[in-house]
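Structure at a glance
What follows is the residue order along each chain.
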Amino acid sequence: MLLNVSGLSVLYSGSNEDPALKDLTFSIDEGEKVALLGANGAGKSTLMLSLLGILDAAIGKIEVDGVILEKKSLPLIRRRLGLLFQDPDDQLFMPTVYDDITFGPQNYAENTGASKEITEKINEDADKILKKLGIAHLKDRMSHKLSGGEKRLAALASILVMEPRLLLMDEPSAFLDPRARRRLISIIESLPNACLIATHDLDMALNLCARCLLLHKGRLRADGATKDIIADKKLLDECGL
Ligand SMILES: Nc1ncnc2c1ncn2[C@@H]1O[C@H](COP(=O)(O)OP(=O)(O)OP(=O)(O)O)[C@@H](O)[C@H]1O
Ligand SMILES: [Mg+2]
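The following refers to the structure shown. All of these numbers come straight from a predicted model, not from anything done at the bench. (Residues numbered from 1 in each chain as written. Chains lettered and ligands numbered in written order. Predicted model: local features only at pLDDT ≥ 70, side-chain atom pairs only at ≥ 80, totals over all residues. Heavy atoms only, no water.)

1. Quick notes on the packing of aromatic side chains
A full pass over the atoms with the stated rule returns 1 aromatic pair. Relative to Phe103, the ring of Phe93 has its centre 5.1 Å away and its plane inclined at 80 degrees; by these criteria the two rings are edge-to-face. One end of the pair, Phe93, is in the loop between strand S6 (81–84) and helix H3 (97–111); the other, Phe103, is in helix H3, and 10 residues separate them in sequence. Residue class for Phe93 comes out exposed when judged on its relative accessible area of 54%. Among the residues examined, Phe103 registers a relative accessible area of 33% and is labelled partly exposed. Here the guanidinium or amino end of Arg79 rests over the ring plane of Tyr108, the centre of that ring lying 3.7 Å away. For Lys139, the ring lying beneath its charged end belongs to Tyr98, and the centroid distance is 4.5 Å. (Phe/Tyr/Trp six-rings, centres within 6.5 Å; stacked < 30°, edge-to-face > 60°. Helix = DSSP H or I, 4+ residues; strand = E, 2+ residues; numbered from the N terminus. Buried < 20%, exposed > 50% of the residue type's maximum accessible area, 1.4 Å probe, protein only. Lys NZ or Arg CZ within 6 Å of the ring centre and 35° of its normal.)

2. A closer look at the coordination of the magnesium ion (ligand 2)
In this structure, Ser45 (OG) and Gln86 (OE1) serve as the protein donors to the magnesium ion (ligand 2), at separations of 2.0 to 2.2 Å. Here Gln86 lies in the loop between S6 and H3 and Ser45 lies in helix H1 (residues 44–51), a separation of 41 residues in the sequence. Using a relative accessible area of 23% as the deciding quantity, one classes Ser45 as partly exposed. (Donors = N, O, S within 2.8 Å, 3.2 Å for Na, K, Ca; no water.)

3. Thoughts on the packing of H3 against helix H4 (residues 116–132)
Angle between the axes and distance between the axes are the two parameters that describe a pair of packed helices. The N-to-C vectors of H3 and H4 enclose an angle of 140 degrees; their axes lie 10 Å apart at closest approach. When the axes of H3 and H4 are compared, the pair comes out oblique. Note on packing geometry: the crossing formed by H3 with H4 is right-handed. In this structure, H3 uses Val97, Tyr98, Ile101, Thr102, Pro105, Gln106 and Ala109 to contact H4, whose residues at the interface are Ile118, Thr119, Ile122, Asn123, Ala126, Asp127 and Leu130. (Axes fitted to C-alpha atoms, helices over the stretch in contact; angles between N-to-C directions. Parallel < 35°, antiparallel > 145°, perpendicular 65-115°, else oblique. Left-handed = near helix turned anticlockwise from the far one by under 90°. Contact = heavy atoms within 4.5 Å.)

Structure below.
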């Protein structure tokens, strides 16, 4: 198993309400594509942030490729997971799109002893990804002046260049026009990487993911075949979808 989560709960500090996540247990296999469904506030984004070790309030056990998530394993874990944030403004922070896309690989290369060849390879990879996503023309634009959909694609590029073993995508099709959405779907389809995709786009979930997890008020309400879960109107209704 690539990812093992057991007994994961999150109670945000200052919140005396119900926990945002309650006792989640599930696994994801190498290369597996899993949709993460649930109404607004169900806990999808909280789950994604917990997997990256961003939330101090998370308790339970998270294991990535046999490595248990703890303070000292964070760099290793974050090398294997890539998160596409729900809000692309949380992702893009460099002056230009190109800087954002090369930042991760460059930073990693510097920590491991970068050579001129590595820098050239990083630039080549960045160009390839930009082209694949159909945004080569945005390369030198300022990230914060892009449209919502352009930002989403630039953020996606900055994750894909890192070649994570498990891609966590929080609403990847939000803001995208039909053509960009179709392109996104075919790119995700062609990726060998495992993906966990939080989405309200049920068509996309059905298209890409044979399996889905359904969250309801922080609990894992269903884990099974996407086509069965999406066809279960009563279950979806109970979960606010
Ligand atoms: N930083 C925070 N502090 C306190 N409560 C939070 C925080 N972030 C999220 N929550 C609460 O935790 C619950 C789960 O939120 P989360 O953002 O994970 O939902 P979601 O499933 O991603 O929803 P959406 O579909 O709207 O993106 C919600 O009730 C939300 O209000
Ligand atoms: Mg969310």
